[in-house]
Amino acid sequence: MECQIASKKSDKQRVDEERRMRKTIEAISSHYIVCGFGRMGLALCRQLDEKGLPFVVVDRSETSMEECRRRGWLYVVGDATGAVRDAILFGLLLAALVIYVFLRDGRATLLAAVVVPSSLAATAAVIALARDSLNLMSLGGLAIAIGELVDDAVVGVENIVRRLRQNRSAPNPLPVFDVVERASVEVRSGILYATIIVVLVFVPLFALPGIEGRLFSPLGIAYIVSILASMLVSMTVTPALCYYLLPKMKRLDHGDSPLVAWLKRQDGKLLAWSFPHAKMLIAIAALAVAGAAATVPMFPRAFLPAFNEGSLVLGLVMQPGTSLAEANRVGAVAETLIRQVPEVTQVGRRTGRAELDEHAEGVHSAEIDVDLKRSERDRETIMADIRERLSSLPAQATIGQPISHRLDHLLSGVRAQIAVKIFGDDTDTLRGLAEEMRGKLAAVPGLVDLTVEKQVLIPQITVRLDHRKAAQMGLSPGEAIRVLQALTDGAHGADIVDGPRRYELVLRLPDQQRSPQDLARTLIDTPAGRIPVSSIATVEETDGPNQIGRENGRRRIIVYANTDGGDMGRVIRDIRGVIAKTPLPPGNFISLEGQFQAQEQATRLIAGLSVVSLAMMFLVLYSRYQSVVLAGIVMANIPLALIGSVVAMWIAGVNLSVASMVGFITLAGIATRNGILKISHYINLCKFEGETFSQAMIVRGSLERLTPVLMTALVAAFALTPLLLAADAPGKEILHPVAVVIFGGLVISTL
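Residues numbered from 1 in each chain as written. Predicted model: local features only at pLDDT ≥ 70, side-chain atom pairs only at ≥ 80, totals over all residues. Heavy atoms only, no water.

Enquirer: Hey, could you run me through helix α27 (residues 736-750) in this one?
Expert: In an α-helix there are 3.6 residues to a turn, and that puts residues three or four apart on one side. The terminal C-alpha atoms of α27 lie 21 Å apart, and with 15 residues this matches the ideal 21 Å at 1.5 Å per residue to within 8%. With 11 of 15 residues buried, α27 is to be regarded as a mostly interior element. Burial in α27 covers these residues: His736, Pro737, Val738, Ala739, Val740, Val741, Ile742, Gly744, Gly745, Leu746 and Ser749. (Helix = DSSP H or I, 4+ residues; strand = E, 2+ residues; numbered from the N terminus. Expected span 1.5 Å × (residues − 1). Buried < 20%, exposed > 50% of the residue type's maximum accessible area, 1.4 Å probe, protein only.)

Enquirer: Sorry if this is basic, but what is going on with a nonpolar patch on the surface here?
Expert: Taken together, the side chains of Leu270, Trp273, Met280, Leu281 and Ile284 make up a nonpolar region of the molecular surface, amounting to roughly 460 Å² of accessible area. Going through the elements one at a time, α11 (258-274) and α12 (278-295) are the ones with two or more residues in the nonpolar patch. Structurally, Trp273 can be placed in helix α11. With a relative accessible area of 42%, Trp273 lands in the partly exposed category. (Patch = residues over 30% accessible without salt bridge, like charges linked within 9 Å, V, L, I, M, F, W, Y side chains within 5 Å. Areas by Shrake-Rupley, 256 points an atom, 1.4 Å probe, with all protein chains shown as cover. Salt bridge = Lys/Arg side-chain N within 4 Å of Asp/Glu carboxyl O.)

Enquirer: Would you mind going over the packing of aromatic side chains with me for this structure?
Expert: Any pair of aromatic rings gets described here by the distance separating the centres and the angle formed by the planes. Counted under the stated rule, the structure contains 4 aromatic pairs. Plain terms: the ring middles of Tyr243 and Tyr244 are 5.1 Å apart, the flat faces sit at 75° to each other, and that makes the pair edge-to-face. Consider the rings of Phe299 and Trp650, whose centres lie 4.3 Å apart with planes at 20°: the pair is stacked. Highlighted residues: Phe299 in the loop between α12 and β5 (311-317) and Trp650 in helix α23 (residues 637-652), separated in sequence by 351 residues. By relative accessible area, which is 41% here, Trp650 ends up partly exposed. Taken together, Phe177, Tyr243 and Tyr244 form an aromatic cluster joined through their ring pairs. (Phe/Tyr/Trp six-rings, centres within 6.5 Å; stacked < 30°, edge-to-face > 60°.)

Enquirer: Looking at this structure, I do not really get the packing of helix α8 (residues 176-201) against helix α24 (residues 658-688). What am I missing?
Expert: For any two helices packed against each other, one specifies the crossing angle of their axes together with the interaxial distance. α24 packs onto α8 with a crossing angle of 160° between their chain directions and a minimal axis gap of 8 Å. In terms of axis orientation, α8 runs roughly antiparallel to α24. Between α8 and α24 lies a crossing whose hand is right-handed. For the pair α8 and α24, the contacting residues are Glu186, Gly190, Ile191, Tyr193, Ala194, Thr195, Ile197, Val198 and Val201 in the first and Ile665, Ala668, Gly669, Thr672, Arg673, Ile676, Leu677, Ser680, His681 and Asn684 in the second. Counted by class, the contact of α8 with α24 contains 10 nonpolar, 7 polar and 2 charged residues. (Axes fitted to C-alpha atoms, helices over the stretch in contact; angles between N-to-C directions. Parallel < 35°, antiparallel > 145°, perpendicular 65-115°, else oblique. Left-handed = near helix turned anticlockwise from the far one by under 90°. Contact = heavy atoms within 4.5 Å. Nonpolar A, V, L, I, M, F, W, Y, C, P; charged D, E, K, R; others polar.)

Enquirer: Hey, could you run me through the packing of α24 against α27 in this one?
Expert: The N-to-C vectors of α24 and α27 enclose an angle of 30°; their axes lie 8 Å apart at closest approach. Relative to α27, the element α24 is oriented roughly parallel. Pair α24 / α27 crosses with right-handed handedness. Touching Ala659, Ser660, Gly663, Phe664, Thr666, Leu667, Ile670, Ala671 and Asn674 of α24 are Pro737, Val738, Val741, Ile742, Gly745, Leu746, Ser749 and Thr750, all from α27. Residues that form the contact of α24 with α27 fall into these classes: 10 nonpolar, 7 polar and no charged.

Enquirer: Even after reading the chapter, I still don't get the environment of Lys421, so can you show me in this structure?
Expert: Within the secondary structure, Lys421 is located in strand β9 (residues 418-424). For the pair Lys421 and Ile557, spaced 136 residues apart in sequence, the C-alpha separation works out to 5.9 Å. One polar contact links Lys421 to Glu593, side chain to side chain, over a distance of 2.9 Å. (Polar contact = N/O pair within 3.5 Å; in protein donor to acceptor, adjacent residues only side chain to side chain.)

Remember that the coordinates give geometry; whether it matters functionally is a separate question.
Below is the structure:
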């Protein structure tokens, strides 16, 4: 790659120019900016570092920054964090609406909802003290937690309202302070233990390694901190506000609202029918759980949900040895073909990478960035259209998205979802095996962009040194090699100082004198005098590999591919079948790598740690109730919630990925919450109100807990609505599977 960085402006002017542009970029709320205009120009990228903090990369060339500003070539590509912020605000409004519908009082609604901004502020303060940032995933944790943040306050406010109503109708009313205090303490232990359970279920999330751990840990931290903050607020601020505001409620004398009264009548009828049919209901539930669990292995698999980055990145690889002019011509044709796709708004291309680049590439390799606009066609259809248009070019094309490409590169070392690595000692054998493997994999349904790594024979000039003749001329082998290398590769001769600039002076033969014949005739200095190179070496043109790939000390070649958006699990099974049927010479072996590896490892780790987490949950519940039966009843909500989650995933077409498994983790804590509060209320009725453990007590306790149970479930469900209805929106696509799993599980566990 050639980069022209010379400019008529001084260094100070260019530095000032960059500083002004950095300030401009920082003022834009986005994570990726492209400035492109069909010719060599200025490229600016505002990216996120490992802590989610923005930094700016500036690639200068011959077009000035003022020109970029003047022509309006700054394009903002997606504001994912803004979309999640909108989801948080919309979820909060829906949660407040649900609370008002049940309590029918503005004061009670305000008391229950005030915990949300308090918890969010506390979470932001904790993150700031930890010197971290509110990034997309931490905002996602808050968006998922919105529904649960009001749970503790809803339970407390509803219980205080109920006790104040009972106190008003009592023959000897107690002071308001005593009623509020007793009502708060009555539900405090249940709230505390429910919060501890929520924290415990998130333990597997923090043990995830690699990309998935770095991605979802901020979500878990934000979720846990906000839940702990809401618990503290509901135990301190909420009772104090209830003491001052609720005794003046006009609806304290009116009893339940018509909606709540109707719900209690229906629930009473349902309970009356359920008790005689308890065994049948338990059997049906057990069969449903078994059926749901049996369908889980059938889900399509993915490492992470497909991102909607609003842009594509194309890798265009031509034959090694292709000249820069030819590579530029083919790249220009590719740009023209891509621009014919209706959804494409702009195209930018980079041909080759410099030798000192972290991922150096020859000029036969090009990367094309493509920005897209929304349309009726989905992303996979657009990518298939681009593949079809580029199929006529003398180059191999792979298509993906920028962030996804980089994740693939981190996981397998290649920018593709699947990498078949063939190891061996002989390069020619590896090339033959790779072509054979490519031919067999071409028959696997769902594979696209199937490509063999370019390790091919190209023309090379071979110089074979005659050590005996070199010794006769007084040259050691090392000195002879140094002289020959200086002729071809160049040697550092001096430094040229031009004011503040420094240039290295490199001496080497001109290109037109570096043919085998000219190089053989070139005179070199030796202790015996000036002699031609042919006197000590044989110079000839031969074929040799353009590169030799090595990994873990072994030679290797890669066959890589992407999927067409279908079931990666099925594709991987087919590929493994092809590999198993392919005979290999002695000393050769194949390694299959890619996204699926990370998904399989994460699944095994989450499953193992979830068992530990469930055991810890059982110990906490047993310490609370001192009963194996009661602890088992509470934890039975978890497999019951699995039914709804599995059904919701099938209906929504969600893959089984790390994101959906995080949803199961979150659901486990939420599902046990209502069970803890209901069991705790049964115990309080027996302990403080003279009830005996009977069917009548269970009916009374269930009806009294109906309002908070329904409110907390509906608040959590409606708060997830913005994430449910925006499956492909930038920033929400990775949270959508989490929301689907939680929503489906909440519906069944509440019923």
